[in-house]
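Here's the letter readout for the chains.
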Amino acid sequence: MAEEKKGFFSRLKEGLNKTRDNIVAGIDAVFYGASEIDDDFYEELEEILIMGDIGVNATNDIIERMREEVKKRHLRQPSECKELLVESIKEQMHVEETAYDFEKEQSIIFIIGVNGVGKTTSVGKLAGILKRQGKKVLIAAADTFRAAAGDQLAEWAHRAGVDMIGGTDGADPASVIFDAVNAAKARNVDVLICDTAGRLHNKKNLMEELKKMNRIIDREFPNAHRENLIVLDGTTGQNALSQAREFGEAANLTGVILTKMDGTAKGGIAVAIQSELNVPVKYIGVGETIEDLQKFNADEFVNALFDIKEEGAHPEQTDMESMDADSEETSVSDDDSHDGNFPESDQIQTDIPDNNADVCSGAETENDTDVIIGSEDKGESVDEDSAEDENSTEKPKKKKWFFW
């Protein structure tokens, strides 16, 4: 019997098992093992948080806030402080509503990062998210150096049901960006997502190339809303912070896509990123299918990390589970080092002319693109949403905190 497909929140919680064992077990030992709230209590807690990749700045902020709240609430028992810790971490990771303003405007999203973090697959998944919102999306395949990168991105464009602009192997990435920007203006595209070649953050010439592509966008489409999202591998811990700092000098980072969170022992890096860089984590990935990238929700992440049970389902959580259950299971490797070989049944034959002509990934017209999405899944989602609306009239239950 096939295993029932798990919802996004369930997979996130399962993926954070190693991080939970690494951080939460030690935290519980401090909360329930200490006899009083004193300097030793705070020092032990601070050490565990820093060792869990939460970062020095974030840890200091969390500890200071906890000290203030302990005095304000006149707490005496260490076990009473755990809720304060959870609240403080959620506050550190809170993402403002304005972080997703690019969805409401004509936008250009620049996806950057080192090799192997999942940039190309993140481009495809993000295109799928925006396509499901009814946006007209175009992808620019500016990674012209990696073997079969264009083929891999064409496959993801096909799965997302969007068009793609590409160039010949070895072509100047800036020329691809130039063609894509002008195509986006001509077609009145809502969102242009630009994939870029993986580059080491300490290679000056490659970082200068990023600046060149940004200058082209600024010159050719000055009125477009700009988003520079860096893709970071959640398994690399503090090294991800170093990458983000270096890329921040070449491009004004506006957000982070945190990938490979389905099994890392260093999930605490998600807390550190926002505090250390003042850049919000906007999307989080926990798998290889097109549905496995979702908007980051601080409450859900911390609840999954600490395995917090709340009486009654969170509305956003319920919607996420329903949408995830209705979506088809698709799988493509979440690694930019993919060799580009795909199943024959799904392979797209994409001919890219030497003059960087438009490439349509499996959809020659907008009508064809709509067919790729299908209406069956949408109908099921509407039915479930309607059912949720009927249940929403029930008297809400009071939420309680439980810790394991």
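Rules of the game
- Per chain, the residues get numbers from 1 upward, laid out in the order the sequence is written.
- pLDDT decides what is reported in this predicted model: residues at 70 or higher carry local features, side-chain atom pairs at 80 or more are listed and counted, and totals for whole chains, interfaces and linings draw on all residues regardless.
- By convention in this description, side-chain values take in all heavy atoms of the structure and omit both hydrogens and water.
- Put simply, DSSP marks the helices as runs of H or I at least four residues long and the strands as runs of E at least two long, and each gets a number from the N terminus on.
- Throughout this description, buried means an accessible area under 20% of the type-specific maximum (1.4 Å probe, protein chains only), exposed means over 50%, and partly exposed covers the range between.
- Residue contacts follow a heavy-atom distance rule, with two residues in contact if any of their heavy atoms lie within 4.5 Å.
- Whenever Lys or Arg places a side-chain nitrogen within 4 Å of a carboxyl oxygen from Asp or Glu, that contact is recorded as a salt bridge.
- Between N-to-C directions, angles cover 0 to 180 degrees, with each direction set by a line fitted to C-alpha atoms, over the stretch in contact for helices.
- Here the angle decides the label: under 35 degrees means roughly parallel, over 145 means roughly antiparallel, 65 to 115 means roughly perpendicular, and every other value means oblique.
- Residues are grouped as follows: Ala, Val, Leu, Ile, Met, Phe, Trp, Tyr, Cys and Pro are nonpolar; Asp, Glu, Lys and Arg are charged; all remaining types, including Gly, are polar.
- Between any two strands, pairing holds if DSSP finds at least two bridges.
- Here the expected length of a helix is defined as 1.5 Å per residue gap, with one fewer gap than residues.
- Here a polar contact is recorded for every N or O atom pair within 3.5 Å, except that within protein the pair must consist of a potential hydrogen donor and a potential acceptor, and residues adjacent in sequence are included only if both atoms are side-chain atoms.

Caption draft 1: Fine view of the overall build of the protein. Assigned secondary structure in the protein consists of 15 helices and nine strands. Counting all 404 residues of the protein, 52% fall into the buried class. Long-range contacts, defined as pairs at least 24 residues apart, comprise 80% of the intrachain contacts of the protein with a sequence gap of at least 6.

Caption draft 2: Representation of the pattern of salt bridges. Taken as a whole, this structure holds 17 salt bridges when the rule is applied. Between Glu 69 and Lys 72 there is a salt bridge; the shortest N-O distance is 3.5 Å. Highlighted residues: Glu 69 and Lys 72, both in helix α4 (residues 56-73), separated by three residues, approximately one helical turn. When its relative accessible area of 12% is taken as the criterion, Glu 69 is described as buried.

Caption draft 3: Local environment of the packing of helix α2 (residues 17-33) against helix α12 (residues 298-306). With their axes 9 Å apart at the nearest point, α2 and α12 run at an angle of 75° to one another. Of the possible angle classes, the one that applies to α2 and α12 is roughly perpendicular. Contacts from Thr 19, Arg 20, Val 24 and Ile 27 of α2 reach α12 at Ala 304, Leu 305 and Phe 306. Looking at the contact of α2 with α12, its residues break down into five nonpolar, one polar and one charged.

Caption draft 4: Representation of the pairing of strand β2 (residues 137-142) in the model. The element β2 is extensively covered by neighbouring structure, given that six of its six residues are classed as buried. Covered by surrounding structure in β2 are Val 137, Ile 139 and Ala 141 together with Leu 138, Ala 140 and Ala 142, the residues of both alternating faces. Summarising the sheet, β2 and strand β4 (residues 191-196) pair through six bridges and their orientation is parallel. Residue pairing in the sheet places Ile 139 in a bridge with Ile 193 of β4. Alignment of β2 against strand β3 (residues 163-165), held across three bridges, turns out to be parallel.

Caption draft 5: How the structure looks around helix α3 (residues 39-51). For α3, which comprises 13 residues, the first-to-last C-alpha distance of 18 Å matches the rise-based estimate of 18 Å (1.5 Å per residue) to within 8%. On its buried face, α3 sits against α2, α4 and α5 (82-93). The N-terminus of α3 is capped by Asp 38, whose side-chain oxygen sits 3.3 Å from the backbone nitrogen of Asp 40. Positive phi shows up at Asp 53, right after α3, with a value of about 70°.

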